Amino acid sequence: MPQENLAEVLSDFSLGAEQLEPECNLTLYQDGTRTVLFDAGSGPDFMPTAGTIQNSLSAMGIAPEDITHLVFTHAHPDHIWGTLDDFGDPLFANASHMMGRAEWDYWWDPQTVDTIGTARQTFAVGAKNRMSVLQDRFEFFEDGQEILPGIQAVSSPGHTPGHMSFEIRQGTQAVLVTGDAIGNHHVAFRRPMWPSGSDQDAKLAIATRQRLFDRIMTDDLAIAGFHLPNGGMGRVDVIGDGYEFVQDPT
Ligand SMILES: [Zn+2]
């Protein structure tokens, strides 16, 4: 990123240039029949403050076995490592596991661990390990497909090769589950055209980000973002050349 301009953006958010640790927020959707969890979280082994999804579900009276569908945006550690319990068995034992076909194919490919670069090698090993255990539970989908009633897959590659977002619609109201395609509430919103080191293909991620923001504004979508603050739910406003995350008050 243009470092001389970065400080200016971050100062608007009272953030310094030191390492930032964003929240990890999973989206839960219940339609009366299905209980759908978007991403599985990281489990306890990723970072000390993460891996609390079971407590969060329990607070709502939901057990892991009650999840009917586990839908993945992508296969990074904070999104897929939480699929197995402490014994290495499937945590969401009754859930259909669902992933975009291109994302599955990328991490399943035995060459990925050698081509992804040293910084992300553990991502590749960790994803493949979990996918190998859960292989028989997975169903795959494509861009544009209605994967469940009212839930449409929206291809959003760049952060990972097969990253998917999801539009959940009921009548005129809809929310876009963005995953990591819009990765934070500061730089990704204010300067969506800047490359980010957290995206595997930065150029493709920029095009995706701009396309998603266009769709959010045109279709007046609410959003649920994985790494956005205070639960990650809200709306988007235009500000200057970029956007602003407007926290959902509820
Ligand atoms: Zn993430």
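Our structure's up above, just so we're on the same page.
Scope of this entry: the structure provided in the associated data block. (Residues numbered from 1 in each chain as written. Predicted model: local features only at pLDDT ≥ 70, side-chain atom pairs only at ≥ 80, totals over all residues. Heavy atoms only, no water.)

**Details of the sheet that holds strand E5 (residues 138-141)**
One open sheet holds the 5 strands; their spatial order is E1-E2-E3-E4-E5, and the pairing between them is mixed. The open sheet is flanked by strand E1 (27-30) and E5, the only strands paired with a single partner. For this sheet the average axis-to-axis angle between neighbouring strands, irrespective of direction, equals 25°. Note: strand E2 (residues 35-38) against strand E3 (residues 69-71), 3 bridges, orientation parallel. The partner of Leu37 across the bridge, within E3, is Leu70. (Pairing = 2+ DSSP bridges. Helix = DSSP H or I, 4+ residues; strand = E, 2+ residues; numbered from the N terminus. Axes fitted to C-alpha atoms, helices over the stretch in contact; angles between N-to-C directions.)

**As for the sheet that holds strand E12 (residues 242-247)**
Two strands in a sheet stick together by hydrogen bonds in their backbones, pointing the same way (parallel) or opposite ways (antiparallel). Spatially, E6-E7-E8-E9-E10-E11-E12 is the arrangement adopted by the 7 strands of the open sheet, whose pairing is mixed. Strands at the two margins of the open sheet, each flanked by one partner only, are strand E6 (146-148) and E12. Between one strand axis and the next, the sheet turns through 35° on average, direction left out of account.

**Points about the packing of helix H4 (residues 101-108) against helix H6 (residues 121-134)**
Relative orientation of the contacting elements H4 and H6 amounts to 110°, with a least axis distance of 9 Å. As the angle between them shows, H4 and H6 are arranged roughly perpendicular. With respect to the hand of their crossing, H4 and H6 are arranged in left-handed fashion. Residues Trp104, Trp107 and Trp108 of H4 touch H6, and the partners they reach there are Phe123, Ala124, Ala127, Lys128, Met131 and Ser132. (Parallel < 35°, antiparallel > 145°, perpendicular 65-115°, else oblique. Left-handed = near helix turned anticlockwise from the far one by under 90°. Contact = heavy atoms within 4.5 Å.)

**Considerations on the nonpolar core**
Grouped together as the largest cluster of nonpolar side chains are 25 residues, with contacts concentrated most on Ile67, Leu70, Phe72, Ile80, Phe92, Met99 and Trp107. Put simply, the parts of the chain that give this core at least two residues each are helix H2 (53-59), H4 and H6. Excluding residues within four positions of it along the chain, Ile80 makes contact with Gly41, Phe72, Ala75, Met99, Ala127, Arg130 and Met131. One finds Phe38, Phe141, Leu148 and Ile151 within the second-largest nonpolar core, a separate group that totals 17 residues. (Core = buried A, V, L, I, M, F, W, Y, C linked by side-chain atoms within 4.5 Å. Buried < 20%, exposed > 50% of the residue type's maximum accessible area, 1.4 Å probe, protein only.)

**What to know about the environment of Trp104**
Within the secondary structure, Trp104 is located in helix H4. Considering only alpha carbons, one finds Trp104 and Ala153, 49 residues apart in sequence, at a separation of 15 Å. In this structure, Trp104 is in contact with Met99, Met131, Gln135, Phe138 and Phe140, ignoring residues within four places of it in sequence.

**Notes on helix H1 (residues 3-11)**
Within H1, the full set of buried residues consists of Leu6, Val9 and Leu10. Down the axis of H1, the buried side of the element spans an arc of 95°, and every buried residue falls inside it. Of the exposed residues in H1, those oriented more than 90 degrees away from the buried face are Glu4 and Ala7. Of the surrounding elements, those touching the buried residues of H1 are helix H7 (187-190). (Arc of directions from axis to C-beta.)

That is the geometry; function is a separate question.
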